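Descriptive structure summary
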Amino acid sequence: MGFTRIQEKLKILADAAKYDVSCASSGSKRSNTNKGLGDATGMGICHSYTEDGRCVSLLKILLTNHCIFDCAYCVTRKSNDIKRAAFQVQEVVDLTINFYRRNYIEGLFLSSGIFKSADYTMERLVAVAKKLRTEEKFNGYIHLKSIPGASDELMKEAGLYADRLSVNIEIPTKEGLKLLAPEKNREDFIKPMIKVKNEIIQYKSEKKLIKSTPLFAPGGQSTQMIIGASGESDQQIMWTSNYFYKKFELKRVYYSGYIPISYDSHLPHIGTEVPMLRENRLYQTDWLMRFYGFEVHEILNESHKNLDLEVDPKLGWALRNLEYFPVDVNTADREMLARIPGVGMKSVHKIIQARRFRRLNWEHLQRIGIAMNRAKYFLVCASQDFERRDLTGPQLKSLILQNTTSKYQKTLSPQLNLFE
């Protein structure tokens, strides 16, 4: 009876956790064969990727899907008629250890609905991490979701046991949050972020002086926002991301396309979910801001409030700024090389290293691995050929799209209709 009930809880609370994308997850399934130990049917197991590209499996669950709030966009809101469940602290600890011993997982991603109060909920999340670290001597990865409004004392304790902390700001703008979640206050999301940022800085400083200083949230903190629920433009979304990156030194901002789940008049109609392609373009813009030296206003501004879904944001910027091109790959600096469509940062590094020994031509660039179908229109090299032929931006875009295939191509047209 006990096992059946735990299995039922796991099914409910793992399914509820799938809406949180801030561990970059994908489903996993391992079946018991040859009378082996245990049986994981994929419930709650997800994949996350480390900075060096390694894939790790995490147990991804909610502590409970009970919630005192009634946010219009949330599937676990208190007015929604769904099955409810809650794990006890020891149940989550036992699940984590048992899954780990069977090599199903390498860590835990634990979030929760808010029940009774923010501190009451956060206290139980911390208790899980503390038991795993101190009683079970568990050294695997632990990611805890910070509860908006939780006390500074609990946030400090959470950082001592978790590898990463994150609090979801949910809706990109204050106005959108007030409309869809009037019971919540934006400042409650900000408070734990400030505490975690300050503690990370303090512990890093102390670590330089005292080697025995414990780690504090060594994986930093992240956040997630729902896109498409309250009508924000891509400009508003990315300006919000930019603010949080700079203000709180976040490791990542995640973008979760809203899936309509109710007939609330304030929300998009059921059946008009946000195109996956829009999520993809936002992540690409995020990448350009963090690693390619772009400022957010260069990509999104009052003249261009939404990203072009037909082309990636770097190509979109280049088509609007043809005066910067063509770029000579044999003389350009790192910053300008990184702005050539089809040239990634690894290719930039290879170009800079290779041109120390000789001038590069088209053959060399192909061997380096740049995306020639885009890059050839925006650069010159040790060759007489130049592919742009004085085309305008729209003409160049049309030419590139004619010679480009995309995994989103089949769904591009109907998705674009949602924005008309």
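Here's a quick rundown of the structure. (Residues numbered from 1 in each chain as written. Predicted model: local features only at pLDDT ≥ 70, side-chain atom pairs only at ≥ 80, totals over all residues. Heavy atoms only, no water.)

**Brief notes about the pattern of salt bridges**
- Applying the stated criterion across every chain yields a total of 19 salt bridges.
- Where aspartate 163 meets arginine 133, a salt bridge forms, and the shortest distance between an N and an O atom there is 2.7 Å. Placement of aspartate 163 in the loop between α4 (152-161) and β5 (164-166) and of arginine 133 in helix α3 (residues 118-134) is noted, with a sequence separation of 30 residues between them. Comparing aspartate 163 with arginine 133 shows no difference in burial state: the two are buried.
- Between glutamate 298 and arginine 339 there is a salt bridge, with its nearest N and O atoms 2.7 Å apart. Here arginine 339 lies in the loop between α11 (334-337) and α12 (345-354) and glutamate 298 lies in helix α9 (residues 296-299), a separation of 41 residues in the sequence.
- Residue arginine 339 is classed as buried on the basis of its relative accessible area of 6%.
- It is possible to trace a salt-bridge network through shared partners that takes in Glu298, Glu335 and Arg339. (Salt bridge = Lys/Arg side-chain N within 4 Å of Asp/Glu carboxyl O. Helix = DSSP H or I, 4+ residues; strand = E, 2+ residues; numbered from the N terminus. Buried < 20%, exposed > 50% of the residue type's maximum accessible area, 1.4 Å probe, protein only.)

**So, the packing of helix α1 (residues 2-17) against helix α2 (residues 89-101)**
- Between α1 and α2, whose axes approach to 12 Å, the crossing angle comes to 90 degrees. With respect to α2, the element α1 is oriented roughly perpendicular. Counted together, Ile6, Lys9 and Leu10 of α1 and Glu91, Leu95 and Phe99 of α2 form the full contact between these two elements.
- A class-by-class count of the residues in the contact of α1 with α2 yields four nonpolar, no polar and two charged. (Axes fitted to C-alpha atoms, helices over the stretch in contact; angles between N-to-C directions. Parallel < 35°, antiparallel > 145°, perpendicular 65-115°, else oblique. Contact = heavy atoms within 4.5 Å. Nonpolar A, V, L, I, M, F, W, Y, C, P; charged D, E, K, R; others polar.)

**Re the state of the cysteines**
- Applying the stated criterion across every chain, the model contains zero disulfides.
- Lacking any disulfide linkage, cysteine 71 is separated from the closest cysteine sulfur, that of cysteine 74, by 6.1 Å. (Disulfide = S-S within 2.5 Å.)

**Remarks on the packing of aromatic side chains**
- Per the counting criterion, the structure on display carries 13 aromatic pairs.
- Geometrically, the ring pair formed by tyrosine 243 and phenylalanine 248 is edge-to-face, given 6.2 Å between the ring centres and 85 degrees between the ring planes.
- Every member of this aromatic cluster is reached through a ring pair, and the members are Phe294, Trp317, Tyr324, Phe325 and Phe378.
- Taking the ring centre of phenylalanine 294 as reference, the NZ or CZ of arginine 339 above it sits at 4.1 Å.
- Across the ring face of tryptophan 317, the terminal group of arginine 339 is positioned such that the distance to the ring centre comes to 5.1 Å. (Phe/Tyr/Trp six-rings, centres within 6.5 Å; stacked < 30°, edge-to-face > 60°. Lys NZ or Arg CZ within 6 Å of the ring centre and 35° of its normal.)

Function cannot be inferred from these measures alone, as they are strictly geometric.
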